[in-house]
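Geometric and topological summary
Read off the chains here:
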Amino acid sequence: MNIQNQIQLKPFNTLSLDVTASHYIKVQSDEALVEALNYAKQHSLNVLILSGGSNMLLPEHIHALVIHMDIQGIEYLAEDEHSKTIRVGAGQIWHDFVLWTTSQYLYGLQNLALIPGLVGASPVQNIGAYGVEVGEFIESVQVYDRQLETFSTIFAKDCDFSYRHSIFKDDPNRFVITHVIFKLLKHADLMLNYGDLKQAVGDEQTAENLQKQVIEIRQSKLPDPKEYPNVGSFFKNPIITEQLYDHLALTFSKLPHYPQATGGVKIAAGWLIDQSGWKGKQLGMVGMFHKQALVLVNYDKATLADVQATYHAVQHDVYQKFNILLEPEPVLFNESGLIRSHLE
Ligand SMILES: Cc1cc2nc3c(=O)[nH]c(=O)nc-3n(C[C@H](O)[C@H](O)[C@H](O)COP(=O)(O)OP(=O)(O)OC[C@H]3O[C@@H](n4cnc5c(N)ncnc54)[C@H](O)[C@@H]3O)c2cc1C
């Protein structure tokens, strides 16, 4: 087992924060994962599971075992008239997997092209974009259950998938996802009801063109983390009560809003941030991107404290203006490698 000490995680988190991990290992198999978890237990270390590092906020020093997931492999499990079932290793790169599905004439994931990160993290916050959430195409998730110390399979109906949420978020120290089992369609049923996508796709309504347009729209709007280190949408779109929406609409008639089937009204967080004067604004080394106010960017050598100072200021200004408290989307860790609440 190759445990390394004092490893720099800057290349492994897309916000490019300078982070030193006391213990680090890359795991490429189920067996290696169990060995690493046993090592952590024997040495009384907490465990931090790292995939692509595109949805996490890390402190400067972490005293824990960082397990970097690198389990590869794609295999067909089953097929029927309408679908094919595929098992994918947690360490596969998400975008490459989406491109591969399209090349294999398998449909469903095209709207989720170009989302950074690895396959194993995709169920954690039930990644979503352009009207599709990954949970719709997951049959089950294979995990190592650290509580019961055994491998098991969790079917999608038990994953509690909803907007940017799953059981893996509720119980972050329990499950390590090793494989995801997808059920993908053999006949394209394109989801085009979102924003400017239908117009971009035009008359060429194929999955290949849909994927191409999604990639082009994302490239035109979202900063590339290699150029502008970021973690994508920094805040979740808040869901507010109908009463609050009615009250706000009296003053802000252009407030973008999406009534939810389950009750409440979803509001575009980017619009709230823009209207609060934060689009393109910086506080020290950290600011909200000039083309997309929802994306927080590390413009220099920011630390977690700098990131927190900026997002607290954004939260404060949005709250003052709209009486809505924005909730950050990325997962926040403490120096012991454990997940912290953003409200602490
Ligand atoms: C430019 C940009 C655009 C983005 N656009 C979108 C978007 O459109 N939609 C969207 O939903 N997200 C988006 N994101 C956020 C992010 O890409 C996704 O949440 C992605 O799934 C995170 O994957 P990751 O491999 O980087 O996970 P990481 O950041 O490494 O991990 C995220 C969390 O999941 C846990 N985790 C990771 N792997 C496992 C595992 N195998 N088992 C158990 N727990 C695990 C980690 O401990 C951590 O708590 C964007 C990010 C960026 C930088």
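Residues numbered from 1 in each chain as written. Predicted model: local features only at pLDDT ≥ 70, side-chain atom pairs only at ≥ 80, totals over all residues. Heavy atoms only, no water.

Here we take up the sheet that holds strand E5 (residues 61-69). As summarised here, the arrangement of the four strands in space is E1-E2-E5-E3, forming an open sheet in which the pairing is mixed. If you trace the sheet from one side to the other, it starts and ends with strand E1 (4-8) and strand E3 (47-50), each paired once. When strand polarity is set aside, the average angle formed by the axes of neighbouring strands in this sheet is 45°. Taken strand by strand, helix H1 (residues 30-42) contacts strand E2 (20-27), E3 and E5, and its axis lies near 165° from that of E5. (Pairing = 2+ DSSP bridges. Helix = DSSP H or I, 4+ residues; strand = E, 2+ residues; numbered from the N terminus. Axes fitted to C-alpha atoms, helices over the stretch in contact; angles between N-to-C directions. Contact = heavy atoms within 4.5 Å.)

The next thing to look at is the UniProt feature "active site" (unreviewed entry) in the protein. UniProt marks Arg164, Ser233 and Glu329 with the feature "active site" (unreviewed entry), using the numbering shown here. Spanning 166 residues, the named residues nonetheless gather at one spot, since no C-alpha pair among them exceeds 11.3 Å. Within the secondary structure layout, Arg164 lies in the loop between strand E11 (150-155) and helix H3 (167-170). Not counting residues up to four positions away in its chain, the partners in contact with Arg164 are Gln125, Asn126, Ile127, Gly128, Glu133, Lys169, Lys236 and Glu329. Considering the arrangement of structural elements, one finds Ser233 in strand E13 (residues 230-233). According to the relative accessible area criterion, Ser233 is partly exposed, its value standing at 25%. (UniProt positions renumbered as here; feature names shortened; annotations may be inferred. Buried < 20%, exposed > 50% of the residue type's maximum accessible area, 1.4 Å probe, protein only.)

As a further point, take the site of the ligand. As a matter of local geometry, the ligand sits amid 32 residues, with Ile49, Ser51, Gly52, Ser54 and Gly128 nearest to it. In this structure, Ile49 approaches the ligand through a main-chain N or O atom, which is 2.6 Å from an oxygen atom. Separating an oxygen atom of the ligand from a side-chain N or O atom of Gln125 is a distance of 2.9 Å. Contributions of two or more residues to the shell around the ligand are made by E3, strand E8 (128-129), strand E12 (175-185), E13 and strand E20 (331-333). Class assignment of the residues belonging to the shell around the ligand gives a composition of 18 nonpolar, 12 polar and two charged. (Near = heavy atom within 4 Å. Polar contact = N/O pair within 3.5 Å; in protein donor to acceptor, adjacent residues only side chain to side chain. Nonpolar A, V, L, I, M, F, W, Y, C, P; charged D, E, K, R; others polar.)

Moving on, we come to the UniProt feature "domain: FAD-binding PCMH-type" (unreviewed entry) in the protein. As annotated in UniProt, the feature "domain: FAD-binding PCMH-type" (unreviewed entry) corresponds to residues 17-187 in the numbering used here. Helix makes up 16% of residues 17-187 and strand 38%, with an end-to-end C-alpha separation of 43 Å.

For the rest of this paragraph, the subject is the environment of Met288. Checked against the element boundaries, Met288 lands in strand E18 (residues 286-288). In this structure Met288 comes out as buried when scored by relative accessible area, which is 0%. When the C-alpha atoms of Met288 and Phe234 are compared, they prove to be 9.2 Å apart, with 54 residues separating the residues in sequence. Non-local contacts of Met288, meaning those with residues more than four positions away in its chain, are made with Phe235, Ile273, Trp278, Lys279, Gly280, Lys281, Ala293, Leu294, Val295, Leu296, Tyr299 and Val314.

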